[in-house]
Amino acid sequence: FCNLSNLAYFNFVENLIETIPDYSFRDSIKLISISISRNRISFIGNRSFFSLNHLKTLDLANNQINNLDFLSNLSSLTDIYLDSNKIEIIKREWFQNLINLKHLGLRNNILFEIEEKSFDNLNNFQLLFLTYNKLDHLRNVFNKNSLKHL
């Protein structure tokens, strides 16, 4: 997706995408929203969304994703949709730098664990969707002062 320097919204829903390599959006630094839901994505490089400092919304729902290492540098994100993927565990480091995050969709995964303090730094966090998972407890995972709906 090179040479799309003025692109603000990227919508590639219902295709056959399987991977998002590093630097896929390197020239699209004005992106505000990316929607790549309903594909076959199973791998996203740690630098796939590198330099997207204005990105607010990332919709990767209905894919085959199980690793979220790629999220750690996306501090401008406010909304992330990861519903209907293959996520089993939420690691603390995945969300620690997402200080602007307000809404997180994790419905219909196979989540059985969320590491302690995974959402602790998210002072703007308002909505967390966890229905249809395999969780049997939530222990010290978020800053209770900000979350409005669970």
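Our subject is the structure listed above.
First, a word on what this report is: a plain description of the structure on this page. (Residues numbered from 1 in each chain as written. Predicted model: local features only at pLDDT ≥ 70, side-chain atom pairs only at ≥ 80, totals over all residues. Heavy atoms only, no water.)

Bringing the overall build of the chain into the picture now. Helix and strand counts for the chain stand at one helix and 10 strands. Secondary structure elements in the chain, listed N-terminal to C-terminal, are β-β-β-β-β-β-β-α-β-β-β. Taking 2.2 N^0.38 as the reference for a compact globule, 150 residues should give roughly 15 Å; the C-alpha atoms of the chain span a radius of gyration of 15 Å, in line with that estimate. Along the longest, intermediate and shortest principal axes, the C-alpha atoms of the chain span 45 × 30 × 20 Å. Put simply, the chain has 150 residues, and 43% of those count as buried. Sequence separation of 24 or more characterises 43% of the internal contacts of the chain that already satisfy a separation of 6 or more. Summed over its atoms, the accessible surface of the chain is roughly 8100 Å², and 45% of this surface lies on carbon and sulfur atoms. Both charge centroids of the chain, one from 16 positive and one from 15 negative side chains, sit 5 Å from each other. (Helix = DSSP H or I, 4+ residues; strand = E, 2+ residues; numbered from the N terminus. Rg over C-alpha atoms; globule rule 2.2 N^0.38 Å. Buried < 20%, exposed > 50% of the residue type's maximum accessible area, 1.4 Å probe, protein only. Contact = heavy atoms within 4.5 Å. Areas by Shrake-Rupley, 256 points an atom, 1.4 Å probe, with all protein chains shown as cover. Lys, Arg positive; Asp, Glu negative; His and termini not counted. Charge placed at Lys NZ, Arg CZ, Asp CG, Glu CD.)

Looking now at the nonpolar core. Counting residues in each nonpolar core, the largest one holds 37 residues, and the members touching the most others are Leu71 and Phe95. Residue contacts for leucine 71: discarding those within four places in its chain leaves Leu58, Leu77, Ile80, Leu82, Trp94, Phe95 and Leu98. (Core = buried A, V, L, I, M, F, W, Y, C linked by side-chain atoms within 4.5 Å.)

A few words now on the pattern of salt bridges. For the structure shown, the criterion picks out two salt bridges. A salt bridge links glutamate 14 to arginine 38, with the nearest nitrogen and oxygen atoms 3.3 Å apart. Of the two residues, glutamate 14 is situated in the loop between β1 (9-11) and β2 (19-20) and arginine 38 in the loop between β3 (33-35) and β4 (43-44); the sequence distance between them amounts to 24 residues. A relative accessible area of 55% means that glutamate 14 is categorised as exposed. For arginine 38, a relative accessible area of 47% corresponds to the partly exposed category. A salt bridge links aspartate 83 to arginine 107; its shortest N-O distance comes to 3.1 Å. With aspartate 83 in the loop between β6 (79-81) and β7 (89-90) and arginine 107 in the loop between β8 (103-105) and β9 (113-114), this residue pair connects regions lying 24 residues apart in the sequence. (Salt bridge = Lys/Arg side-chain N within 4 Å of Asp/Glu carboxyl O.)

Let us look at the side chain of serine 76. For serine 76, the position within the fold is in the loop between β5 (57-59) and β6. A distance of 2.6 Å separates a polar side-chain atom of serine 76 from the backbone oxygen of leucine 55. Once residues lying within four places of it in the same chain are set aside, the contact partners of serine 76 are Leu52, Asn53, His54, Leu55, Lys56 and Asn100. (Polar contact = N/O pair within 3.5 Å; in protein donor to acceptor, adjacent residues only side chain to side chain.)

Our next topic: unusual backbone geometry. Within the chain, serine 84 stands out as a residue other than glycine whose phi angle is a positive 55°. Within the secondary structure, serine 84 sits in the loop between β6 and β7. The residue asparagine 108 is not glycine, and still its phi comes out positive at about 55°. Looking at the secondary structure, you find asparagine 108 in the loop between β8 and β9.

Our next topic: the environment of serine 76. Serine 76 gets classed as buried once you look at its relative accessible area, which sits at 9%. Residues serine 76 and threonine 57, 19 residues apart in the sequence, show an inter-C-alpha distance of 8.9 Å.

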